[in-house]
Amino acid sequence: MTIALRYAVRSDIGLTRANNQDSAYAGPHLLVVADGMGGHAGGDIASSVAIAHLAPLDEEAPASDQGAEALEAAVEAAHEELLERVEEDQDLAGLGTTITTLLRTGDRLILGHIGDSRAYLLRDGKFEQVTADHTFVQYLVDSGKLEPEQAERHPQRSLLLRVLGDVELSGGLDISVRKAEPGDRWLLCSDGLSGVVSAATLQRTLVEEPDPDRCADLLIELALRGGGPDNITCVVADVLDIDNLPAGEAPSTAAQVAGAAAIDRHRPTRGGRGAAAQAASLTAPAGPGGADQELTDSRRRRPIGRRLGWAAIIVALLGLIAAGLYWAHAWSQEQYYVAADDGRVAIYQGIPQEVFGRKLSHVVERTDYRVDADLTESHRRQVEDISIYNVTFEQAQAWVDDAVRQSRSDRPDRSPSPSSSPSRSPAASATASATPSPTASPAAGATAGASPTATAAALEPSSGR
């Protein structure tokens, strides 16, 4: 039996983002999805660098007993480059990326994973999530403090505890090895898909659409119908036995690149001259510098380290939890949301949650617009359900102004509220922040009750994840 893959790659910017920070790659031996973070200037670089360092594994697939080591070495090299880029340009501070990848060596698949992108496996009709999210919410689930059903719609589910890049909580890959079985179908995706489309819908789509290209297109379309609050990226791959292929079926042979790695292939990287750059050249114009521009590697590699004693592991875990709690609070204070305050539309700083009885938000602007009088039914539901959150202060203001303007346009005969513009407290200018968190992304639940078109029009695209 000789194993091969048939695959398709898709990436879409979504309905609320200013740029695509996701990258994806698929080749005969390698599948990768990388979800970058770090604002407009960082996330796309981080995911592109990850793809550039991993892509050479597709051209020179390692032996079965060396696959895991080769995968870890490529990821560590990408990590080192990201750290050096930050040293050279402090505007990139905080950049990082998730990585979920499958490396085929013979009839084995080596799965590498860090972050909250996911790998799913459909085998004999059974659909399962193979990877575990490296998020604070998943930690709460694992420790029994949160039910899995609650985690799916938790507003902090995108708060990462492990990620590759310039963050204190960075770490190594989770590595596992699985046997490739003919008939298996794999889905690798960023949380722009898994955070919007339910697992049941993902399974049904993978089962009902046999063609990987059409299946990938359908998955992107489903996420866009759900509001498209984030970049959406997926790789659909079927495992084939090429010795017993049905007529008309054939494995894929050409590398496919999508997202930031494809549209910015001219960005300097130490990933080298490889399949990623060659495939990207088919979809993007040549730019100055070239994808294979060599830079001097002056940083000594830092080993990820797996030989710590149990005591050191426990100390490190406790420190990780403490840092995660601190980071969660700091991150929450960089977010804003729109909700009601005594019947009037208000902008809050923080997130609509409590931790040990302590509220993580406060009003920074209380307008004179009444929820029941100055908003349309659709916008009123969004305010009451707190559907507009994890946005910048400016985006929240723009949403309020646009919502009131639409209401008055729809009902011109209605008398306006006493004030024609929001009244703003002095606290607004002192606390407003226009820079979103590197790892923050609008939650899928924020768009479930409103139409995608309305959401996209109401919010200006955010540059953060």
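In this text the structure is predicted, and so the values were computed from the model without any measurement.

1. Looking at the overall build of the protein chain
- Across its full length, the protein chain holds 15 helices and 16 strands.
- Taken over 465 residues, the protein chain has a buried fraction of 53%.
- Within the protein chain, residue pairs in contact and separated by at least 24 positions form 72% of the contacts whose partners lie at least 6 positions apart.
- In the form shown here, the protein chain has an accessible surface area of approximately 20,000 Å², with 51% of it arising from carbon and sulfur atoms.

2. What about the packing of helix α7 (residues 199-208) against helix α8 (residues 212-225)?
- At their nearest, the axes of α7 and α8 sit 9 Å apart, and the two run at 155° to each other. Taken together, the axes of α7 and α8 are roughly antiparallel relative to one another. Of the two elements, α7 crosses α8, and the hand of that crossing is right-handed. Contacts from Thr201, Leu202, Thr205 and Leu206 in α7 reach Cys215, Leu218, Leu219 and Leu222 in α8.
- In terms of residue class, the contact of α7 with α8 is made up of 6 nonpolar, 2 polar and no charged.

3. A closer look at the pattern of salt bridges
- A complete count under the given rule lists 18 salt bridges for this structure.
- Put simply, arginine 6 and aspartate 238 hold a salt bridge, and the shortest N to O gap is 3.4 Å. On the criterion of sequence distance, the pair formed by arginine 6 in strand β1 (residues 3-12) and aspartate 238 in strand β12 (residues 232-241) is long-range, its members being 232 residues apart.
- Taking the relative accessible area as the measure of exposure, arginine 6 reaches 18% and is therefore buried.
- Aspartate 238 gets classed as buried once you look at its relative accessible area, which sits at 7%.
- A salt bridge links arginine 381 to glutamate 377; the nearest nitrogen and oxygen atoms lie 3.7 Å apart. Residue arginine 381 and its partner glutamate 377 are both found in helix α12 (residues 377-384); the two are separated by 4 residues, about one turn of the helix.
- A relative accessible area of 45% means that glutamate 377 is categorised as partly exposed.

4. Describing the nonpolar core
- Counting residues in each nonpolar core, the largest one holds 29 residues, and the members touching the most others are Tyr25, Val32, Leu54, Leu95 and Ile99.
- Mapped onto this core, the elements with two or more residues apiece are β3 (30-37), α1 (43-54), α3 (67-88), β5 (99-105), β6 (108-114) and α9 (260-263).
- Apart from residues lying up to four places away in sequence, leucine 54 is in contact with Leu30, Val32, Leu71, Ala74, Val75 and Ile99.

5. Side note on unusual backbone geometry
- Although it is not a glycine, aspartate 124 sits at a positive phi angle of roughly 55°.
- Position of aspartate 124 among the secondary structure elements: in the loop between β7 (118-123) and β8 (126-129).
- Even without being glycine, aspartate 342 reaches a positive phi, approximately 55°.
- Examined against the element boundaries, aspartate 342 turns out to sit in the loop between β14 (336-341) and β15 (344-355).

6. Some details on the side chain of threonine 105
- The topology assignment puts threonine 105 in strand β5.
- If near-sequence neighbours (up to four positions away) are discounted, threonine 105 is found in contact with Pro62, Ala63, Ser64, Gly67 and Ile110.

7. Some thoughts on the packing of aromatic side chains
- Within the structure shown, the criterion is met by 4 aromatic pairs.
- Their ring planes at 5° and their centres at 5.1 Å tell us that tyrosine 120 and phenylalanine 127 sit as a pair that is stacked. In terms of burial, tyrosine 120 and phenylalanine 127 fall into one category: buried.
- With a centroid separation of 5.5 Å and 65° between ring planes, the pair formed by tyrosine 336 and phenylalanine 393 is classed as edge-to-face. With a gap of 57 residues between them, tyrosine 336 in strand β14 and phenylalanine 393 in helix α13 (residues 393-410) connect regions that are remote in the sequence.

The rules behind these values
Residues numbered from 1 in each chain as written. Predicted model: local features only at pLDDT ≥ 70, side-chain atom pairs only at ≥ 80, totals over all residues. Heavy atoms only, no water. Helix = DSSP H or I, 4+ residues; strand = E, 2+ residues; numbered from the N terminus. Buried < 20%, exposed > 50% of the residue type's maximum accessible area, 1.4 Å probe, protein only. Contact = heavy atoms within 4.5 Å. Areas by Shrake-Rupley, 256 points an atom, 1.4 Å probe, with all protein chains shown as cover. Axes fitted to C-alpha atoms, helices over the stretch in contact; angles between N-to-C directions. Parallel < 35°, antiparallel > 145°, perpendicular 65-115°, else oblique. Left-handed = near helix turned anticlockwise from the far one by under 90°. Nonpolar A, V, L, I, M, F, W, Y, C, P; charged D, E, K, R; others polar. Salt bridge = Lys/Arg side-chain N within 4 Å of Asp/Glu carboxyl O. Core = buried A, V, L, I, M, F, W, Y, C linked by side-chain atoms within 4.5 Å. Phe/Tyr/Trp six-rings, centres within 6.5 Å; stacked < 30°, edge-to-face > 60°.

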